[in-house]
2 protein chains.
Amino acid sequence: MKVFNYRKVKAEDAGEGSFKTTVRWLLTKDLGAENFAMRLFEIEPGGYTPFHSHPWEHEVFVLEGEGLLVGEKKEEKFRTDDVVFVPPNEKHQFKNLGDKTLKFICLIPYKHG
Amino acid sequence: MKVFNYRKVKAEDAGEGSFKTTVRWLLTKDLGAENFAMRLFEIEPGGYTPFHSHPWEHEVFVLEGEGLLVGEKKEEKFRTDDVVFVPPNEKHQFKNLGDKTLKFICLIPYKHG
């Protein structure tokens, strides 16, 4: 078993199409998590993740802040203590709508489809 | 896509071997989460989950409070913002060591082994 503060894991730029967003890969195959990975995203005010889709789902828990989940046909606000589910192959984007850092956990499967 | 506050999901007793502990099944197959489930546990002061093992892992993020993770060979304290990983088949128990409710997310795979 392993216990560590999430800040022990390096925050990396979330990559192309994202803005003012970092990701920490908290639990991965390297640590023995064979089935799904846990990441923590931090989006600064004005920041966002790419508007994209992929063949795996997102399971999200919002730790802090407020944001907008943008889909192809609708948008929905979310905030601290919200749960978000994005099914496989649905276009989506997370935007920070607030004036402090938006922080959420986002989990993805290693095998899918 | 779905967005909801975690309190919308009913807190159920966590079952045999647990004490002062509830679980909310936030994301499950019923909602289209085919690969892994997200649950939220709340353990009142003095409460605990069963000391047990099973052939699937736990991926945990501690939302609030402080507790003790009991294993077969060691114990480790944890608190708000900690990440906990319990590998498959390792005996484990979560205890609340604090004076307020201990709250954490715990995810499990649907397929394993």
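Rules and cut-offs
Position labels on residues start from 1 in each chain and follow its written sequence. Lettering of chains starts at A and numbering of ligands starts at 1, both following the order in which they are written. Two thresholds apply to this predicted model, a pLDDT of at least 70 for residue-level local features and 80 or more for giving and counting side-chain atom pairs, whereas whole-chain, interface and lining totals are computed over all residues. In DSSP terms, a helix is any run of H or I states spanning at least four residues, a strand is any run of E spanning at least two, and both are numbered starting from the N terminus. Think of it as a crowd count around each C-beta: if 20 or more other C-beta atoms lie within 10 Å the residue is buried, if 12 or fewer it is exposed, and in between it is partly exposed, with C-beta placed from the backbone throughout. C-beta atoms are first placed from the backbone for all residues, and any pair lying within 7 Å is then listed as a contact. Only residues with pLDDT of at least 70 in both copies contribute their C-alpha atoms to the least-squares superposition of the copies. We treat two strands as partners when DSSP finds at least two bridges between them. Here, a nonpolar core means buried Ala, Val, Leu, Ile, Met, Phe, Trp, Tyr and Cys residues linked by C-beta atoms lying within 7 Å of one another. Looking at any residue, its pLDDT shows the predictor's confidence there, from 0 to 100.

*Asks:* What am I meant to see in the overall build of chain A here?
*Replies:* Of regular secondary structure, chain A possesses zero helices and 10 strands. For chain A, the succession of helices and strands along the chain, N to C, is β-β-β-β-β-β-β-β-β-β. With respect to the three principal axes, the spread of C-alpha positions in chain A is 40 × 35 × 25 Å. Relative to its 113 residues, chain A shows a buried fraction of 37%. When contacts within chain A are restricted to residue pairs at least 6 apart in sequence, long-range pairs at least 24 apart make up 64% of them.

*Asks:* What's the story with the relation of the copies chain B and chain A in this structure? I'm lost.
*Replies:* Two chain copies, one operation linking them: a rotation about an axis together with a shift along it. Once turned by 180 degrees and shifted 0.0 Å along the axis, chain B lies on chain A with an RMSD of 0.0 Å. What we have between these two chains is a two-fold relation. Same-surface contact between copies: 100% of interface residues of chain B are shared with the interface of chain A.

*Asks:* I keep staring at the interface of chain B and chain A and nothing clicks. Help me out?
*Replies:* Size of an interface, as often reported, equals the accessible area lost when the parts are brought together. Tallying the contact residues gives 34 residues for chain B and 34 residues for chain A. The greatest single-element share of the side of chain B that touches chain A, amounting to five residues, is contributed by strand β8 (residues 82-86) of chain B. The pairing of strand β1 (residues 2-5) of chain A with β8(B) spans four bridges and is antiparallel. Bridge pairing links A:Val3 to B:Val84 in β8(B).

*Asks:* It is not clear to me how the nonpolar core should be interpreted in this structure. Could you clarify?
*Replies:* Core analysis: the largest hydrophobic core is formed by 53 residues, its most contacted members being A:Phe61, A:Ile105, B:Phe61 and B:Ile105. Leaving out residues up to four positions away in the same chain, A:Phe61 has contacts with A:Val83, A:Phe104, A:Ile105, B:Met38 and B:Ile105.

*Asks:* Teacher, can you tell me more about the pairing of strand β6 (residues 66-71) of chain B here?
*Replies:* Residues and elements named next belong to chain B. Relative to strand β7 (residues 75-79), β6 is paired through five bridges, and the arrangement is antiparallel. Residue Glu66 lies in a different strand from β7, and its bridge partner there is Arg79. The hairpin formed by β6 and β7 contains three residues between the paired strands.

*Asks:* When you look at the pairing of strand β10 (residues 102-109) of chain A in this model, what are you seeing that I'm missing?
*Replies:* For a regular strand, side-chain orientation follows a simple rule: the groups alternate between the two sheet faces. All names here are of chain A. Sheet analysis places strand β4 (residues 36-48) next to β10, joined by eight bridges and oriented antiparallel. Bridged to Ala37 within β10 is Ile108. The pairing of strand β5 (residues 58-64) with β10 spans five bridges and is antiparallel. Paired with Val60 across the strands is Cys106, a residue of β10.

*Asks:* Help me understand unusual backbone geometry, please; the structure alone is not making it clear to me.
*Replies:* Glycine aside, the phi torsion of most residues is negative, and most peptide linkages are trans. Residue and element names in this part refer to chain B. Positive phi, normally seen in glycine, also occurs at Lys20, with a value near 50 degrees. A positive phi angle, near 75 degrees, is found at Asp81, a position not held by glycine. Residue placement: Asp81 occurs in the loop between β7 and β8.

*Asks:* Hey, could you run me through the environment of A:Leu69 in this one?
*Replies:* Relative to the elements of secondary structure, A:Leu69 occurs in strand β6 (residues 66-71). You can call A:Leu69 buried: it has 22 C-beta atoms within 10 Å. The sequence separation of A:Leu69 and A:Lys91 amounts to 22 residues, and the corresponding C-alpha distance is 10 Å. Aside from chain neighbours lying at most four places away, what touches A:Leu69 is A:Glu75, A:Glu76, A:Phe78, A:Val84, A:His92, A:Phe94, B:Met1 and B:Val3.

*Asks:* Explain the confidence of the model for chain A here, please?
*Replies:* Low pLDDT means the predicted coordinates in that region are not meant to be read closely. Mean pLDDT over chain A: 97, with 98% of residues reaching 70 or higher. Here the prediction assigns the complex a pTM of 0.97, and the interface score ipTM is 0.96.

*Asks:* Any chance you could explain the environment of B:Gly65 here in plain terms?
*Replies:* All names here are of chain B. Mapped onto the secondary structure, Gly65 falls in the loop between β5 (58-64) and β6. For Gly65, a count of 21 C-beta atoms within 10 Å puts it in the buried group. In the structure, Gly65 is positioned 34 residues away from Leu31 in sequence and 29 Å away in space, judged by C-alpha atoms. The contact partners of Gly65, leaving out residues within four places of it in the chain, are Thr80, Asn96, Gly98, Lys100, Thr101, Leu102 and Lys103.

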